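# Observations on the model geometry
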Amino acid sequence: MERSALGYAVLFSVPVGVGVSMGVLRMAGGGLTNPVVAGAGVVAALVLFAFVVAMLATGSPDEERSSAR
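Predicted model, so just to flag it, every value in this text is computed and none were measured.

### Quick word on the packing of aromatic side chains
The final tally for this structure, using the stated rule, is one aromatic pair. Between Tyr8 and Phe12, the aromatic rings sit 6.4 Å apart at their centres with planes inclined by 15 degrees, giving stacked as the arrangement. Pair noted here: Tyr8 and Phe12 are both in helix 1 (residues 3-28), with a separation of four residues, about one helical turn. On the accessibility criterion, Tyr8 (47% relative accessible area) is partly exposed. Looking at Phe12, the relative accessible area reads 48%, which means it is partly exposed.

### Notes on the UniProt feature "transmembrane region" (unreviewed entry) in the protein chain
With numbering matched to this structure, UniProt assigns "transmembrane region" (unreviewed entry) to residues 6-25 and 37-57. Within residues 6-25, the helical portion is 100% and the strand portion 0%, while the C-alpha atoms at the span's ends are 28 Å from each other.

### Quick notes on helix 1
Helix length check: helix 1 (26 residues) gives 36 Å between terminal C-alpha atoms against 38 Å at 1.5 Å per residue, within 8%. Along helix 1, the positions that sit buried rather than exposed are Ala5, Ala9, Ser13, Gly17, Ser21 and Val24. Next to the buried residues of helix 1 lie helix 2 (35-58). Backbone geometry just downstream of helix 1 places Gly29 in the positive-phi region, at approximately 75 degrees.

### Section: a nonpolar patch on the surface
Taken together, Met1, Leu6, Tyr8, Leu11, Phe12 and Leu56 make up a surface patch of nonpolar side chains, about 630 Å² in accessible area. Its location among the elements puts Leu11 in helix 1.

Definitions and limits used
- Residues numbered from 1 in each chain as written.
- Predicted model: local features only at pLDDT ≥ 70, side-chain atom pairs only at ≥ 80, totals over all residues.
- Heavy atoms only, no water.
- Phe/Tyr/Trp six-rings, centres within 6.5 Å; stacked < 30°, edge-to-face > 60°.
- Helix = DSSP H or I, 4+ residues; strand = E, 2+ residues; numbered from the N terminus.
- Buried < 20%, exposed > 50% of the residue type's maximum accessible area, 1.4 Å probe, protein only.
- UniProt positions renumbered as here; feature names shortened; annotations may be inferred.
- Expected span 1.5 Å × (residues − 1).
- Contact = heavy atoms within 4.5 Å.
- Patch = residues over 30% accessible without salt bridge, like charges linked within 9 Å, V, L, I, M, F, W, Y side chains within 5 Å.
- Areas by Shrake-Rupley, 256 points an atom, 1.4 Å probe, with all protein chains shown as cover.
- Salt bridge = Lys/Arg side-chain N within 4 Å of Asp/Glu carboxyl O.

Dropping the structure here:
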């Protein structure tokens, strides 16, 4: 896997994790160190990171079709 692919995965997953943490913070209250707030943000970021890495690792159907010829 290329470094740029991992960079894109981090670029897309970190803002989502922060946004989820802020949303849960507004609902649950407490602070950023609250395990519910931090856990929700980390889980959301990790799930999106894994999804983006999987999508970039598998490629697209057009790339597979052109290599078969």
